[in-house]
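Structural characterization, general
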Amino acid sequence: MDLLRLRDRSLLGQGALVAFVTYWAVWIIYTRWFHPLAKFPGPFWASVTRAWTLLHVLHGDAEKRQMKLHAKYGSVVRIAPNELVTSEPEAIQTLYGARSFTAKTDFYFAFRPPWARFPDHFSSEGGKQHGERRRIVSHVYTMTSILQSEKYIEKCIAVWLEKLGQMADRKESFDLWIWTRMYAYDVIGELYFSKMFGFLQAGHDHLGYIDATEDLVPIQFLAANMPTYVRGLFMLTGILFPKVRRALRALGDLTDATNAMLKDRLAAIQSDSEDKPQRHDILGKLLEISQKRGKELDFVLDDIKMESFGAFFAGSETTALTLSGILYHILRNRSVYEKLTAEIDTAVQCNQLSTPHISYNDAIKLPYLTACIREGIRMHPITGVSFPRHAPSSGCTIGGYYIPPNARIGVNPGVMHFNKTVFGEDADQFRPDRWIDGDVSKMDRYIMQFGMGARTCLGKNISMCEIYKAIPELLKFYTFELAGDEDMQTTSYWLYKPVAIDVNVRRR
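Numbers given to residues run from 1 along each chain, matching the order in which its sequence is written. This being a predicted model, a pLDDT of at least 70 is required before a residue's local features are given, and a value of 80 or more before pairs of side-chain atoms are given or counted; all residues contribute to the totals for chains, interfaces and linings. Water and hydrogen atoms were dropped before computing side-chain values, which therefore reflect all heavy atoms in the structure.

1. Concerning the overall build of the chain
What the chain contains, in helices and strands, is 23 helices and twelve strands. Rg of the C-alpha trace for the chain: 25 Å, near the compact-globule value of 23 Å for 508 residues, within the 12% margin. Overall, the C-alpha framework of the chain stretches about 90 × 60 × 45 Å when taken along its three principal axes. Each residue is placed in one exposure class: buried if its accessible area under a 1.4 Å probe, protein chains only, is under 20% of its type's maximum, exposed if it is over 50%, and partly exposed if it falls in between. The proportion of buried residues among the 508 residues of the chain is 53%. If you take every contact in the chain between residues at least 6 apart in sequence, the share linking residues at least 24 apart comes to 73%. Exposure was quantified through the Shrake-Rupley algorithm and a 1.4 Å probe, taking into account, for residues, occlusion by the shown protein chains and nothing else. Surface summary for the chain: the accessible area is close to 23,500 Å², and the carbon and sulfur share equals 57%. Put simply, DSSP marks the helices as runs of H or I at least four residues long and the strands as runs of E at least two long, and each gets a number from the N terminus on. It is over C-alpha atoms that the radius of gyration is taken, and the globule rule equals 2.2 Å times the number of residues to the power 0.38. The contact criterion used is simple: two residues touch if any of their non-hydrogen atoms lie within 4.5 Å.

Spelled out as structure tokens, the structure:
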């Protein structure tokens, strides 16, 4: 009897092994020769398992790896059994244009708040619902609307300048990346949460909110690169790690603070006290929509909270990495630094810049500042991985290839922003003058910093206002110099972040 059982178990094991080998043999034959994407070149393992894709991004340098892939395989490369990445400039309009008829893939679902009543602007696939929900709040994010809250941004800049003065007097250096993050987060606090979070004043992440995003976003990004059926399990395993638990606690505190803040603001609006004028910030405008047309538009407090959390997670980090990247390249190129400083000084002497704070409308009139910002955005893209889309239902043609209907395909800004056919043979160099003597309208079509077409980031104007106001203010009062000659180190777990930027500061 025992021998029979052993033989049965042996046969069962052999059968399972045969089934496993047969499955993979059939799958490999299918993906390599019969799959709709079989004709596209790329690494062997990428064509048979999405595990290759996960390992590809796990190192945090996908933009460098994809540049090598394009150099080896061409402008359209297969990076998963069902996904392509392309470096073709024409793909920008085809995949992301206003009339592209492409939808976001399930990659974005990993970033969606689980409590959201509707898909947020970032993770929504597109279509009628996305357009309707976007139209409810779009007027709040126009530049005219943002500039009505300009004084709140100036409050944050004033604190930053004060802290820089203290560091200059002590002859200290500071991490530009950390301080741009604290600035960006405090601005979001002012605009969406009724007051600064206090990071600039404290000089560090005293609430743990910044560390929370630092820990959670990479986990969401890795989950986004996995098949949907394993994401939940992967996210749950994160709870086993102390850093993740600390991050969740910090975000729980943020949620509680948000609920309390909304309660206070609602009470203030309902009291309608004349001796307490309401803040004219973004939160106030969102509350006004909910109060006046909430039932008609189905726009309630949870939707306001989603807008606030979207700005907190996406708006703060993206603005900070963009601002720090621009400033890093300005400081690294001393001739650029001196030319920009001279432009600002001349404008001050000619009374062309408002006081006590430089207004956005004055800052955008400085041509070399604008060129430096445009070039910095190009050199330091918002992400180092692709924005994947489903090809249109009728398919499309990119790089001479016919892309089958609904195939996953994307463009990596970390690759496109350095395309020499668009930006010139010196595309790997920081040269602001290309935005003065070059074809600006042509180059601008290939900058993917804030998305494209109908999916352009709603918070773009907030970010640009923060950047245009901060840079001339900083350079007007202080002299900055990189503390070392090393190249800036970066990581790209979705967002393309500096590791650290050590800067010396002195009063002018």
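2. Here's the deal with the sheet that holds strand β5 (residues 389–390)
Spatially, β1-β2-β8-β5-β3 is the arrangement adopted by the five strands of the open sheet, whose pairing is mixed. Only two strands of the sheet have a single neighbouring strand rather than two, namely β1 (76–80) and β3 (103–104). Taken together, the four bridges between strand β2 (residues 83–86) and strand β8 (residues 408–411) define a ladder with parallel strand orientation. Note on β8: the bridge partner recorded for Thr 86 is Val 411. Taken strand by strand, helix α4 (residues 62–73) contacts β1 and β2, and its axis lies near 125° from that of β1. We treat two strands as partners when DSSP finds at least two bridges between them. A fitted line through C-alpha atoms represents every axis, and for helices the fit uses only the stretch in contact; the resulting angles, taken between N-to-C directions, go from 0 to 180 degrees.

3. Notes on the UniProt feature "transmembrane region" (unreviewed entry) in the chain
UniProt positions are given in the numbering used here, feature names are shortened, and annotations may be inferred rather than shown by experiment. Per the UniProt record, "transmembrane region" (unreviewed entry) is found at residues 12–30. For residues 12–30, the end-to-end C-alpha separation is 27 Å, with 100% helix and 0% strand making up the annotated structure.

4. Things to note about the packing of helix α15 (residues 301–332) against helix α16 (residues 334–349)
Contact geometry for α15 and α16: axes closest at 5 Å, N-to-C directions at 105°. Regarding the angle of α15 to α16, the classification is roughly perpendicular. Of α16, the residues touching α15 (which contributes Ile 330, Leu 331 and Arg 332) are Arg 334, Val 336, Tyr 337 and Leu 340. Taken together, the residues of the contact of α15 with α16 break down into five nonpolar, no polar and two charged. For this classification, under 35 degrees means roughly parallel, over 145 means roughly antiparallel, 65 to 115 means roughly perpendicular, and everything else is oblique. Ten residue types, Ala, Val, Leu, Ile, Met, Phe, Trp, Tyr, Cys and Pro, are classed as nonpolar, four, Asp, Glu, Lys and Arg, as charged, and the remainder, Gly among them, as polar.

5. Structural notes on the sheet that holds strand β12 (residues 502–507)
Ordered in space as β4-β12-β9, the three strands form an open sheet in which the pairing is antiparallel. Lying at the two open borders of the sheet, with one neighbouring strand each, are β4 (173–175) and β9 (478–482). Between one strand and the next, the sheet's axes are offset by a mean angle of 35°, whatever the strand orientation. Of the strand pairs in this sheet, β4 and β12 are connected by three bridges, and their pairing is antiparallel. Bridge pairing in β12 links Asp 175 to Asp 502. Lying over the sheet, helix α9 (residues 176–192) contacts β4 and β12, oriented at roughly 60° with respect to β4.

6. A look at the environment of Asp 502
Take Asp 502: it is sitting in strand β12. Looking at Asp 502, the relative accessible area reads 41%, which means it is partly exposed. The sequence separation of Asp 502 and Phe 174 amounts to 328 residues, and the corresponding C-alpha distance is 5.6 Å. One polar contact links Asp 502 to Ser 173, side chain to side chain, over a distance of 3.1 Å. Within 3.5 Å is the distance limit for a polar contact, defined as a pair of N or O atoms, with the added protein rule that one can donate a hydrogen and the other accept it, and that residues adjacent in sequence qualify only through two side-chain atoms.

7. Details of empty space enclosed by the protein
Buried and open spaces are told apart on a 1 Å grid over the protein atoms alone, a cavity being a set of points where a 1.4 Å probe fits but cannot get out and a pocket being an open set with protein on both sides within 12 Å along at least five of seven lines. Residues with an atom within 4 Å of a point are the lining residues. Grid points are joined across faces, edges and corners, and a volume is the space filled by probe spheres set on the points. Applying the stated criterion across every chain, the model contains four cavities of 30 Å³ or more. Counted as a void, the largest cavity has a volume near 100 Å³. The wall of the largest cavity is formed by 13 residues, among which Ile 79, Glu 83, Asn 225, Val 385 and Ser 386 lie closest to the centre. In terms of residue count, helix α3 (residues 51–58) provides more of the lining of the largest cavity than any other element does, three residues in total.

8. Here's the deal with the nonpolar core
Only buried residues count toward a nonpolar core, which is a set of Ala, Val, Leu, Ile, Met, Phe, Trp, Tyr and Cys residues joined through side-chain atoms within 4.5 Å. Core analysis: the biggest nonpolar cluster contains 141 residues, and Tyr 183, Tyr 192, Ile 471 and Phe 480 have the highest contact counts within it. The dominant element in this core, judged by the number of residues it contributes, is α15, at twelve residues. Those residues in contact with Phe 480, other than ones at most four positions away along the chain, are Leu 164, Phe 174, Leu 331, Arg 334, Tyr 337, Leu 474, Leu 475, Val 503, Asn 504 and Val 505.

9. Focus: the side chain of Ser 149
Mapped onto the fold, Ser 149 is located in the loop between α7 (143–147) and α8 (150–169). Under the relative-accessibility criterion, Ser 149 is labelled buried at 2%. Apart from residues lying up to four places away in sequence, Ser 149 is in contact with Leu 191, His 280, Asp 281 and Ile 282.

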